[in-house]
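# Topology and contacts: notes
One letter stands for each residue in the lines below.
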Amino acid sequence: MWLLLTFSFLLTAAAVQDDTDKILGGEECEPHSQPWQVALFERGRFNCGASLISEHWVLSAAHCQTRFMRARLGEHNLRKRDGPEQLRTLARIIPHPLYEAHSHRHDVMLLRLTRPARLSRQVRPVALPTRCPQPAEACVVSGWGLVSDHKPGTKGSTDSQVSLPDTLHCANISVIPAASCNKDYPGRLVASMLCAGAEGGGTESCEGDSGGPLVCRGVLQGIVSWGDVPCDTTTKPGVYTKVCSYLEWIKETMKRN
């Protein structure tokens, strides 16, 4: 079953077991180690992730668009006030004009903040790429999405416990070669998409992470877009909007607005 997880893609710290019963998956990020991470809310309910790319602009996925979005910067625990949080309304919501929900093409959206972000150690833009990512390049995906893990002592079981964390989670993954990913998603990938995951599967983005950042060597290379479901048990990599394919659109749109 193929499904764009439109409700929001939160980091799946999905786990798989090997012969040593080893648990793979994401862990809670060091607080504010991803200072560009943005949380998007709809009428007070968490909806999607996003990335701060300048004092005025946030980048997310087009499928995250809702009518009453608000952005929170400087978040770590969504249920607690730590001090650096900044709430912003949005002056402009600009999905890519060619976005196609059914094919996931052009799944990118710019959001202009009504008031600029106050930059600090906990709130800082991420750099846009000057080149496209390379296969096997090391990256970090982050979000408040579903986390799942097999409990110790359940070797051979396919059951997992799935929950939504309060705190931001991070996972170390790498870019998957396009030829390899095409085998997992035949006929569904285009040049403006990239795949990333852990070798052997088990760690990737999941429901609730949508719109969030894939950062490689300190540069925003991907936006969480879609993937296989259920994402907590699949071995297929997550699929991301390739930011380098949209640099001209991003820069021109920011300039005009």
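Given the structure is predicted, the values throughout are model-derived calculations rather than measurements. (Residues numbered from 1 in each chain as written. Predicted model: local features only at pLDDT ≥ 70, side-chain atom pairs only at ≥ 80, totals over all residues. Heavy atoms only, no water.)

Note on sheets: strands pair through backbone hydrogen bonds, and any given pair is parallel or antiparallel. Pairing in this closed barrel of six strands is antiparallel, and the strands run S4-S5-S6-S9-S8-S7 around the ring. Taken over all neighbouring pairs, the strand axes of this sheet differ in orientation by 40 degrees on average, direction set aside. (Pairing = 2+ DSSP bridges. Helix = DSSP H or I, 4+ residues; strand = E, 2+ residues; numbered from the N terminus. Axes fitted to C-alpha atoms, helices over the stretch in contact; angles between N-to-C directions.)

A word on the confidence of the model for the chain. Mean pLDDT over the chain: 84, with 81% of residues reaching 70 or higher. Note on residues 1-24: pLDDT is under 50 here. Beyond four places in sequence and across chains, it has 125 contacts. (pLDDT = per-residue confidence, 0-100. Contact = heavy atoms within 4.5 Å.)

Let us now look at the nonpolar core. Core analysis: the largest hydrophobic core is formed by 33 residues, its most contacted members being Val38, Leu40, Ile53, Leu59, Leu110, Leu113 and Ile250. Those elements that provide at least two residues to this core are strand S4 (37-42), strand S5 (45-52), strand S6 (57-60), strand S7 (69-73), strand S8 (86-95), strand S9 (109-113), strand S17 (219-228) and helix H2 (247-256). The element that contributes the greatest number of residues to this core is S9, accounting for four residues. In contact with Leu113, not counting residues within four places along its chain, are Leu52, Glu55, His56, Val58, Ala71, Leu73, Arg88, Thr89, Leu90 and Ala91. Residues Ala171, Ala196, Leu214 and Cys216 belong to the second largest nonpolar core, which totals eleven residues. (Core = buried A, V, L, I, M, F, W, Y, C linked by side-chain atoms within 4.5 Å. Buried < 20%, exposed > 50% of the residue type's maximum accessible area, 1.4 Å probe, protein only.)

With the rule as written, the count across this model stands at five salt bridges. Linking Arg131 and Glu137 is a salt bridge whose minimum nitrogen-to-oxygen distance equals 3.2 Å. Notably, a salt bridge pairs Glu252 with Lys255, separated by 3.8 Å at the nearest N-O pair. Separated by three residues within a single helix, Glu252 and Lys255 lie in helix H2, roughly one turn from each other. (Salt bridge = Lys/Arg side-chain N within 4 Å of Asp/Glu carboxyl O.)

Moving on, we come to unusual backbone geometry. One non-glycine residue, His32, lies in the positive phi region at around 65 degrees. When you line up the elements, His32 lands in the loop between strand S3 (27-28) and S4.

Working note: α-helix, 3.6 residues per turn, so residues spaced by three or four point in the same direction. Among the residues of H2, Leu247, Trp249, Ile250 and Thr253 are the ones counted as buried. In an axial view of H2, the angular spread of the buried residues amounts to 170 degrees, which keeps them on one side of the axis. For H2, the exposed residues lying more than 90 degrees away from the buried face are Glu248, Lys255 and Arg256. As for H2, its buried residues are in contact with S6, S8 and S9. (Arc of directions from axis to C-beta.)

Before going further, it helps to examine the pairing of strand S18 (residues 238-242). A large share of S18 lies buried, amounting to five of its five residues. Two strands pair when backbone bridges link them, and strand S14 (residues 193-197) and S18 are joined in this way by four bridges, in the antiparallel orientation. Directly across from Met193, in S18, lies its bridge partner Thr241. Pairing analysis gives four bridges linking S17 to S18, with the strands arranged antiparallel. Opposite Ile223, over in S18, you have Thr241 as the bridge partner.

Once that is clear, we can look at the packing of aromatic side chains. For the structure shown, the criterion picks out three aromatic pairs. Between Phe46 and Trp144, the aromatic rings sit 5.8 Å apart at their centres with planes inclined by 65 degrees, giving edge-to-face as the arrangement. Here the residue Phe46 occupies a position in strand S5, and Trp144 occupies one in the loop between strand S10 (138-143) and strand S11 (147-149), the gap between them amounting to 98 residues. Side by side, Phe46 and Trp144 carry an identical accessibility label, which is buried. (Phe/Tyr/Trp six-rings, centres within 6.5 Å; stacked < 30°, edge-to-face > 60°.)

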